[in-house]
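Listed below, chain by chain, are the residues.
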Amino acid sequence: MDEHVSRETAPVPRAVAYVRDLLDGFRPAWALCGGWAADAWLGRQTRDHGDVDIAVFHPDQRAIAEHFPGWALVGHDFNVPGDTTEHWGRPAPRTPSRARPGRCAGG
């Protein structure tokens, strides 16, 4: 008989749900990455997070920028030395939200 590990589904944290809802209708593939992704894999929140990181494939960078007009998106390209805070979106209006979609590569 096969044994299956059963895990209860943890509620989605508010910041992650906010970004998920913002990406509703975004057709290209995207993924949660960074600290929230590690917490999702562990099934629990391990620390406070100041943002929500997402990853998109390189060819979809224009599509994500168009999906978030007016946002200041921050891209991280660990393949370019010293390039870890490249801004590739338009200036964001002042908003109380701390969730800033971006793309990450690596860890």
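Relevant structure appears above.
A. View of the overall build of the chain. When helices and strands are tallied, the chain shows three helices and five strands. Starting at the N terminus and walking to the C terminus, you meet the elements of the chain as α-β-α-β-α-β-β-β. Of the contacts formed within the chain by residues at least 6 apart in sequence, a portion of 54% connects residues at least 24 apart. Put simply, the chain shows about 8,000 Å² of open surface, and 52% of that area lies on carbon and sulfur atoms.

B. Up close: the pattern of salt bridges. Taken as a whole, this structure holds one salt bridge when the rule is applied. Between D21 and R20 there is a salt bridge, with its nearest N and O atoms 3.0 Å apart. A relative accessible area of 48% means that D21 is categorised as partly exposed.

C. Spotlight on helix α2 (residues 35-42). Three or more residues of α2 are buried, namely G35, W36 and D39. Across the axial projection of α2, the buried residues extend over an arc of 95°, all falling on one side. Residues of α2 that are exposed and angled more than 90 degrees away from the buried face: A40 and W41. Buried-residue contacts for α2 involve α1 (14-22), β1 (30-33) and β2 (53-56). G43, located one to two residues past α2, shows a positive phi value of around 85°.

D. Representation of the nonpolar core in the model. Within the largest apolar cluster, 12 residues are counted, these being V16, V19, L23, F26, W36, V52, I54, V56, I64, F68, W71 and L73. Apart from residues lying up to four places away in sequence, F26 is in contact with V56, D60, A63, I64 and H67.

E. Local environment of the side chain of D60. Its place among the elements puts D60 in the loop between β2 and α3 (61-67). Within the buried core, D60 has no salt-bridge partner, and the shortest N-O distance to an opposite charge, that of R62, equals 10 Å. Ignoring any residue separated from it by four or fewer positions in sequence, one finds D60 in contact with F26, P28 and A29.

F. Looking closely at the environment of G35. Tracing the sequence through the fold places G35 in helix α2. Measuring from C-alpha to C-alpha, the distance between G35 and D48 comes to 9.1 Å, with 13 residues separating the pair along the chain. Residues in contact with G35, not counting those within four places in the same chain, are R47, H49 and D53.

G. Highlighting the environment of Y18. Looking at where Y18 falls in the secondary structure, it is placed in helix α1. Assessed through its relative accessible area of 34%, Y18 is described here as partly exposed. Separated by 34 residues in the primary sequence, Y18 and V52 have C-alpha atoms spaced 9.4 Å apart.

H. Region of the structure containing the side chain of H49. Structurally, the position occupied by H49 is in the loop between α2 and β2. Looking at H49, the relative accessible area reads 16%, which means it is buried. Engagement of the side chain of H49 in a polar contact is seen with the side chain of D39, the distance being 2.6 Å. One polar contact links the side chain of H49 to the main-chain carbonyl oxygen of R47, over a distance of 3.3 Å.

How each quantity is defined
- Residues numbered from 1 in each chain as written.
- Predicted model: local features only at pLDDT ≥ 70, side-chain atom pairs only at ≥ 80, totals over all residues.
- Heavy atoms only, no water.
- Helix = DSSP H or I, 4+ residues; strand = E, 2+ residues; numbered from the N terminus.
- Contact = heavy atoms within 4.5 Å.
- Areas by Shrake-Rupley, 256 points an atom, 1.4 Å probe, with all protein chains shown as cover.
- Salt bridge = Lys/Arg side-chain N within 4 Å of Asp/Glu carboxyl O.
- Buried < 20%, exposed > 50% of the residue type's maximum accessible area, 1.4 Å probe, protein only.
- Arc of directions from axis to C-beta.
- Core = buried A, V, L, I, M, F, W, Y, C linked by side-chain atoms within 4.5 Å.
- Lys, Arg positive; Asp, Glu negative; His and termini not counted.
- Polar contact = N/O pair within 3.5 Å; in protein donor to acceptor, adjacent residues only side chain to side chain.

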